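# Coordinate analysis (summary)
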Amino acid sequence: MIAAENVFLILLAAGSSERFGIPNKLEVPFLNKPLGMHVVTAFENIPFKRRLVVTDGCKLDFLSHHFEVVHNDDPSSGMSQSVKLGVQCAKDEGAEAVLIALADMPRVTAAHIYRMLDAADSADAVVASSDGEKPSPLPCSDAIGSISC
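In this report, the structure presented in the accompanying data block is examined. (Residues numbered from 1 in each chain as written. Predicted model: local features only at pLDDT ≥ 70, side-chain atom pairs only at ≥ 80, totals over all residues. Heavy atoms only, no water.)

What follows is about helix 3 (residues 110-119). Of all the positions in helix 3, only His112, Ile113, Met116, Leu117 and Ala119 are classed as buried. Down the axis, helix 3 shows its buried residues gathered within 160° of arc, on one side only. (Buried < 20%, exposed > 50% of the residue type's maximum accessible area, 1.4 Å probe, protein only. Helix = DSSP H or I, 4+ residues; strand = E, 2+ residues; numbered from the N terminus. Arc of directions from axis to C-beta.)

Written out as structure tokens, the structure reads:
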């Protein structure tokens, strides 16, 4: 188990929304708030050591939710560029562990994150959400079946 107080949250919010045909899907309303703010509010009571958001400049107000903003100047190069930027920032700031979350996953819950933190059984553990067969981001909380290490 790793305590949330020792974890840097890295929220990935720099996608191009090309499949949706709109400038930024994170800004589109979903259940009475922008899609990209659901994860932010779901995690607001988790006491992460730091909160980083990697963004391409979307108009959501991450600062008022205690996120440090890391800008990705080249989101078209893929998600790996955002991961590299977030992890490098966390590493530079002395992170013991990171948790990477996607801003377009509105039904992920704090309970899911705590289960992932509980599954981290060593300093070098890698824990990922799973669909029960392979590690992958999960689209909704009721799809959460197992946690894989």
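So that's the structure; there's more coming.
When charged atoms on two side chains of opposite charge get close, those side chains can pair. According to the stated counting rule, one finds three salt bridges in the structure shown. The shortest N-O distance in the salt bridge between Glu68 and Arg50 comes to 2.5 Å. On the criterion of sequence distance, the pair formed by Glu68 in strand 5 (residues 68-71) and Arg50 in strand 4 (residues 50-55) is long-range, its members being 18 residues apart. You can call Glu68 partly exposed: its relative accessible area is 28%. Among the ionic pairs, Glu93 bridges to Arg50, the shortest N-O distance being 2.5 Å. Here Arg50 lies in strand 4 and Glu93 lies in the loop between helix 2 (79-92) and strand 6 (97-102), a separation of 43 residues in the sequence. What makes Glu93 partly exposed here is its relative accessible area of 28%. Under the relative-accessibility criterion, Arg50 is labelled partly exposed at 29%. (Salt bridge = Lys/Arg side-chain N within 4 Å of Asp/Glu carboxyl O.)

Note that every value here comes from positions in space, so none of it alone points to a role or purpose.
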